[in-house]
Amino acid sequence: GSVVSGGVAGSLVLLQALGDVGVRARVWSVTVGAVSVGRADRLVSPVQAQVWGLGRVAALELPDVWGGLVDVPLVVDERVGRRLVGVLAGVGGEDQVAVRSSGVFGRRLVRGSGVVGGGSSWVPSGTVLVTGGLGALGGEVARWLAGRGVPHLVLTGRRGWDTPGVEGLVGELSALGARVSVVACDVGDRDAVAGVLGGIPSDVPLRGVVHTAGVVDDGVLDGLSPERFEGVLAGKVGGLVVLDELTAGLDLDLFVVFSSIA
């Protein structure tokens, strides 16, 4: 099945259609449980969260017609309804908000505290799998992990040992003290990923996953299509789902996913 949700595909087609016919009305995307405002506020639909990614791009490329993103809870009571109307009317001037019975929450990007390595109790052990580990981003991650003492790194990429520069990277990591395994693998292929996980030696069990793999297919919204979204999301989101399912029963120290804020 497609990894492109109906909400993302429909939102893209709507924005393109409004541009084609010259409608200048403000467009707001409303999601249900796509974002969380706190530990007690459960993330109900990570699939709908994809619309938030699309919306932030639309805000930059189509400022004349884009209104914003607003998330509502599963139960929309009178208080939520009143607050939603206020948001759509421009009260507060926020364009990325979560409306809850307890209030209206605006979104901010802040520097996170270092959960791993930044003064935490994390003691590197076993194996860390880095998908896309032979690319520029994955290589930096691998160097960071090796420098902190991870004993065994498994680096995957579509071309494996045929990837340009792979021998130099492995040499660097080995000099830092890490055992390195390079495996050709499409992270969206469940059987292939299962094979990679099954091949990890028992003396260095899997303790972490860092998912950096991705396909780049840039373009402005006017020139994109659900089919192009499919190609990008298959590796990034499809691969994430595969990794999550195959490692669900394991005791991992870290499970990290990279995604471009651009």
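That block above? That's the structure.
Each value, and the rule that gives it
Residues numbered from 1 in each chain as written. Predicted model: local features only at pLDDT ≥ 70, side-chain atom pairs only at ≥ 80, totals over all residues. Heavy atoms only, no water. Helix = DSSP H or I, 4+ residues; strand = E, 2+ residues; numbered from the N terminus. Expected span 1.5 Å × (residues − 1). Buried < 20%, exposed > 50% of the residue type's maximum accessible area, 1.4 Å probe, protein only. Arc of directions from axis to C-beta. Contact = heavy atoms within 4.5 Å. 1 Å grid on protein atoms, 1.4 Å probe; cavity = no way out; pocket = protein on both sides within 12 Å on 5 of 7 lines; lining within 4 Å. Points joined across faces, edges and corners; volume = space filled by probe spheres on them. Nonpolar A, V, L, I, M, F, W, Y, C, P; charged D, E, K, R; others polar. Polar contact = N/O pair within 3.5 Å; in protein donor to acceptor, adjacent residues only side chain to side chain.

Caption draft 1: Region of interest: helix H4 (residues 136-147). A rise of 1.5 Å per residue sets the reference length of H4, with its 12 residues, at 16 Å; its end C-alpha atoms lie 17 Å apart and thus fit the reference within 8%. Listed as buried for H4 are Gly138, Gly139, Val141, Ala142, Leu145 and Ala146. The buried side chains of H4 occupy one side of the element, clustering within an arc of 160° when seen end-on. Structural note: H4 exposes Ala136 and Gly147 on the side pointing more than 90 degrees away from its buried face. In the core, the buried residues of H4 are packed alongside strand E5 (127-131), strand E6 (152-157), helix H5 (166-175) and strand E8 (206-211).

Caption draft 2: Geometry of the layout of surface pockets. Empty space within the largest pocket amounts to approximately 2,200 Å³. What lines the largest pocket is a set of 50 residues, and nearest its centre among them are Gly53, Arg56, Leu233, Ser259 and Ser260. When residues of the lining of the largest pocket are traced back to their parent elements, those giving at least two are helix H2 (49-61), helix H7 (226-246) and strand E9 (254-257). Ranked by residue count, the leading element in the lining of the largest pocket is H2, at 10 residues. Here the residues of the lining of the largest pocket sort into 32 nonpolar, 9 polar and 9 charged. There is about 340 Å³ of room inside the second largest pocket. Along the wall of the second largest pocket there are 19 residues; nearest its centre are Gly132, Gly157, Arg158, Ala213 and Gly214. Only H4 and E6 provide two or more residues apiece to the lining of the second largest pocket. In terms of residue count, the dominant contributor to the lining of the second largest pocket is H4 (3 residues).

Caption draft 3: A look at the environment of Leu145. Assignment of secondary structure puts Leu145 in helix H4. Separated by 21 residues in sequence, Leu145 and Pro124 have C-alpha atoms that sit 8.3 Å apart. Apart from residues lying up to four places away in sequence, Leu145 is in contact with Trp122, Val128, Val130, Val150, Leu153 and Val210.

Caption draft 4: Local environment of the environment of Gly68. Summarising the element assignment, Gly68 is placed in strand E2 (residues 66-72). For Gly68, a relative accessible area of 0% translates into the label buried. Put simply, Gly68 and Leu243 are 175 residues apart on the chain and 32 Å apart in space, counted from C-alpha to C-alpha. Beyond its immediate stretch of four places on either side in the chain, Gly68 contacts Val27, Trp28, Ser29 and Asp95.

Caption draft 5: Region of interest: the side chain of His152. Among the structural elements, His152 can be located in strand E6. Taking relative accessible area as the criterion, His152 reaches 1% and is therefore assigned buried. One polar contact links His152 to Ser181, side chain to side chain, over a distance of 2.8 Å. Those residues within four positions of His152 in sequence are excluded, and the remaining contacts are Gly126, Thr127, Val128, Arg179, Val180, Ser181, Pro201 and Val204.

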